[in-house]
Amino acid sequence: MRTPYYESTMHRQIREKRENRRDRIRNDLELYGEEVLNSEEMRQAFEQTHHTWSTVGEHTFRVAFTSVLISYALKKLNIKVSVPAVVVGALCHDLGILGRKDKFSSAKEMSIEHPKDSVAVARELVGEMPDKTEDIIERHMWPAGQSKAPNSIEAAIVSAADKYSAVKDIIKGSEVKETGVKYYVRDEKEKIRNLLKG
Ligand SMILES: [Fe+2]
Ligand SMILES: [Fe+2]
């Protein structure tokens, strides 16, 4: 017989803390990234495969969540971080990759060119942006894609979160392969979508 699970006070507190943090991240994403989240581009992002097992949309959400989470941690250490810039930068960083098969002739070309295209998409969605936000998007591929190095704490956050999330996409994908959990990716996509819907 399965042992019943009793949640201890400590575990409950940890769970509640996590839930509160998730809500706070979600609120910040909606507050600062509304135009991007409600865009046709973001809808399309969930249709395009990315990092073998993921989609551009799922990857984008992982990057955005992780970036905001790192921003909170740094703010706690009294390091000044612009959360609005991080949100817009993270949500838009890979939107220029949409339609990659038609746009780019090689993976190399894609990795060099898509950050500029992402800036163009971001401009269309949110209008004029501070230079800092454009730099976050344009420099996120560093040190790959012949990208210039991040030039702000916000750009460094998104660039680091991008790498971390890319690895996560691939590892989660390998779990799908190894365990044969066929609908894992689909469920994950739904989970992330629902998280935003609330
Ligand atoms: Fe990218
Ligand atoms: Fe990315």
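Given the structure is predicted, the values throughout are model-derived calculations rather than measurements.

**With respect to the confidence of the model for the chain**
At step 1: Confidence in the prediction of the chain, expressed as mean pLDDT, is 88, and 86% of residues score 70 or more.
At step 2: Ignoring residues within four places in sequence, the model shows residues 176-183, a span with pLDDT below 50, making 5 contacts including any to other chains.

**A word on the environment of Arg26**
At step 1: Looking at where Arg26 falls in the secondary structure, it is placed in helix α1 (residues 9-37).
At step 2: Separated by 42 residues in sequence, Arg26 and Val68 have C-alpha atoms that sit 9.5 Å apart.

**Some details on unusual backbone geometry**
At step 1: Omega for the bond connecting Trp142 with Pro143 falls within 30 degrees of zero, at 5°, which places this linkage in the cis form.
At step 2: Residue position: Pro143 is located in the loop between α7 (131-138) and α8 (153-179).
At step 3: The phi dihedral of Asn78 is positive, around 65°, even though this residue is not glycine.
At step 4: Along the chain, Asn78 turns up in the loop between α3 (56-76) and α4 (83-92).
At step 5: Looking at Asn78, the number of C-beta atoms within 10 Å reads 6, which means it is exposed.

Calculation notes
- Here the residue numbers are simple positions, counted from 1 along each chain's written sequence.
- The naming scheme follows written order: chains are lettered A onward, ligands numbered 1 onward.
- The predicted origin of the model limits local features to residues at a pLDDT of at least 70 and limits the giving and counting of side-chain atom pairs to 80 or more, whereas totals for whole chains, interfaces and linings rest on all residues.
- Every residue is assigned a pLDDT by the predictor, reflecting its confidence on a scale from 0 to 100.
- Residue pairs qualify as contacts under a 7 Å threshold applied to their C-beta atoms, which are placed from the backbone.
- Secondary structure elements follow DSSP: runs of H or I of four or more residues count as helices, runs of E of two or more count as strands, with numbering from the N terminus.
- To sort residues by burial, count the other C-beta atoms lying within 10 Å of each one's C-beta; a count of 20 or more means buried, 12 or fewer means exposed, and anything in between means partly exposed. C-beta atoms are built from the backbone.

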